[in-house]
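Take a look at the letters that make up each chain.
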Amino acid sequence: MPVKQSYPRRPRALVGMNISRRDFLKMGMKGAAVLFLPFGASGCGGLTAGNNSTQGSAGTLLKSAAKLPEPFRVPLPIPPVLEPIRTDATTDYYRITQKISQAEILPDLKTEIWGYDGIFPGPTIVSRSGRRTVVRHRNELPVPTAVHLHGGVTPPEHDGYPSDVVMPSGGWHDGHRGHLELNVIGEGSFDYEYPLEQPAAALWYHDHRMDFTGPQVYKGLAGFHLIHDDVEQALGLPARERDVPLMICDRSFARDGSFRYPSLDPSLEGRPGVRAEYMSGVLGDCILVNGAPWPVLEVTNTRYRFRLLNASNARRYQLALDPPARYGAPFVQVGSDHGLLPEPISHNLIDLAQAERFDVIVDFSKYSVGDEITMVNKFGAASTAQVMRFIVAREGRDDSRIPSKLADFQPLSRSDATVEREFRFVRGGAQMNGMTLWTVNGEPFDPSRIDADPELGSVELWKIRALNVEHPFHIHLAPFQVLTSGGGGDPGPYNTGWKDTVNLDNGGDAEILIKFDSYRGRYVFHCHNLEHEDMMMMANFEVV
Ligand code: C2O
Ligand code: CU
Ligand code: CU
């Protein structure tokens, strides 16, 4: 196989940088020697990964000052399905307003959230594969936003590139603070257009503003976008009220009920980043599912389909059911990030890295009416060891099925790849305010540097490796298959099917085969630990 090794190009010019970015890039470039510091040698004081290594998550626990509620007291909220404002022969049109509102997440306390339509999670958008979806996002927040449809096969100008921002409808007084670096795509609002020429899958949309994705998602800017198609519909999987999206994330609360997050500038208007001790990631102590702390779902003794999404900034989960089913595996996975699997896979545990989706069936007929089943997090401790509870409240009728064959699947092989590239996700190579940043191949994110230029229609083999701590790798636009993980080993139980996110353990690696067969243009790939992403662990590729 002719293998073209590719090396990242140096930045052409630091055009369009704001002051803080320009300054630290200069610092980074001046100290040109790229050092790969072992974690903790950075002098940033953030020797925190070890604190939580038993939790399988890079990051530092930020404890709530508010009293957290007893678990399993509130019902699981189901985000409302958004109604189109209009449909025509090819397209469904939606409107979402990004705004501040008050939510009651903890009993008797108000939490200010930034929400799509003022709710957290945002409304669920349900689309049909191949029908265009247009969402007019109006930004009534005090800061610029960018909406990314995670898992979407989307043309570049609608993908939520971090610097393609929608400015606040109320104006932005930024002037001296880097308006220049932003590519304003909308003053107050923008129509994001999604062709959705892709199979049934559970996608999610979330904020992706450059340097501020972590805090803006943490404040609530995340929602589901489900795609259905004929193949999926013909399977007879549990549907309607038994097809349940579960957005799992952790948060921490101040005494007054507001979200706690260690931003250097809590207004999110000026300086990006978090306090040094949270550089590795922000871990909350309260587990929310669909925005409610440790909620309860009453079920019938039938099969349910759950769209598991880890929308946490830094926390990974290992999910299990307690007690386990009387027989058989508790989870039957039918889909991965980008759609249905070729055939179902049974799991006793599910490892769920940030941004990953697992489409699973749980069969409550393996329990008795009256049983209470807790979804636990084996990577957690104390309050984070529990996620939610199911109560088998009554008998139900079930005509759902789990067919042994699900969807067509073309496995890629090593010989399909025409280009090989290597990316190391590492701490080192650049500094900001005396902190050593997270980088890709030692380079901090720079919108003007293209790190890979795959050809349209090609398959590439990327060797990706995580150093210092674990890093969930995510690439926009182009789905991939995991070929090997852990030094050439098999991909493991959680990496079957078409993926857009794969977890890399600390020191771990993976070889992935990425198919670039949709659009040309510039996109990002990055670590989906949102603190790492904001602190520069992101890079560009351009499909040519
Ligand atoms: Cu969900 Cu670029 O990310
Ligand atoms: Cu994405
Ligand atoms: Cu990372």
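Residues numbered from 1 in each chain as written. Chains lettered and ligands numbered in written order. Predicted model: local features only at pLDDT ≥ 70, side-chain atom pairs only at ≥ 80, totals over all residues. Heavy atoms only, no water.

1. Structural notes on the coordination of the copper ion (ligand 2)
The reference angle at a metal is 109.5 degrees if four donors form a tetrahedron and 90 or 180 degrees if six donors form an octahedron. Taken together, His 148 (NE2) and His 474 (NE2) make up the full set of protein donors to the copper ion (ligand 2), lying 1.9 Å away. Of this pair, His 148 sits in strand β8 (residues 147-150) while His 474 sits in strand β31 (residues 471-475), and the two are 326 residues apart along the sequence. A single burial state applies to His 148 and to His 474, both of which are buried. (Donors = N, O, S within 2.8 Å, 3.2 Å for Na, K, Ca; no water. Helix = DSSP H or I, 4+ residues; strand = E, 2+ residues; numbered from the N terminus. Buried < 20%, exposed > 50% of the residue type's maximum accessible area, 1.4 Å probe, protein only.)

2. Describing the layout of surface pockets
In this structure, the largest pocket occupies an estimated 520 Å³ of space. Contributing to the lining of the largest pocket are 23 residues, with Gln 198, Pro 199, His 338, Pro 479 and Trp 498 lying nearest its centre. In terms of residue class, the lining of the largest pocket is built from twelve nonpolar, five polar and six charged. His 228, Pro 238, Ala 239, Arg 240 and Asp 243 are, among the 21 residues lining the second largest pocket, the residues nearest its centre. (1 Å grid on protein atoms, 1.4 Å probe; cavity = no way out; pocket = protein on both sides within 12 Å on 5 of 7 lines; lining within 4 Å. Points joined across faces, edges and corners; volume = space filled by probe spheres on them. Nonpolar A, V, L, I, M, F, W, Y, C, P; charged D, E, K, R; others polar.)

3. With respect to the environment of Leu 352
Tracing the backbone shows Leu 352 in strand β23 (residues 350-352). A sequence separation of 34 residues divides Leu 352 from Gln 318, and the C-alpha atoms of the two residues are 6.2 Å apart. Not counting residues within four places of it along the chain, the set of residues in contact with Leu 352 comprises Ile 248, Leu 308, Leu 309, Asn 310, Arg 316, Tyr 317, Leu 319 and Phe 358. (Contact = heavy atoms within 4.5 Å.)

4. Section: the environment of Leu 268
Residue placement: Leu 268 occurs in the loop between β14 (243-251) and β15 (282-283). Note on Leu 268: relative accessible area 1%, which makes it buried. Through-space distance from the C-alpha of Leu 268 to that of Pro 144 is 9.5 Å; in sequence the pair is 124 residues apart. Apart from residues lying up to four places away in sequence, Leu 268 is in contact with Trp 114, Val 143, Arg 209, Phe 212, Pro 215, Gln 216, Lys 219 and Ser 263.

5. With respect to the pattern of salt bridges
Going through the model one piece at a time under the given rule, you end up with 35 salt bridges. Put simply, Arg 316 and Asp 351 hold a salt bridge, and the shortest N to O gap is 4.0 Å. Taken as a pair, Arg 316 in the loop between β19 (303-310) and β20 (317-322) and Asp 351 in strand β23 lie far apart in primary sequence, 35 residues in all. By the burial criterion, Arg 316 is buried, and Asp 351 matches it. The residue Arg 449 makes a salt bridge to Glu 443 at a minimum N-O spacing of 3.6 Å. On the basis of relative accessibility, which here comes to 10%, the residue Glu 443 falls in the buried class. Several salt bridges share partner residues, and in doing so they unite Glu 232, Asp 243, Arg 305, Arg 307 and Asp 359 into one network. (Salt bridge = Lys/Arg side-chain N within 4 Å of Asp/Glu carboxyl O.)

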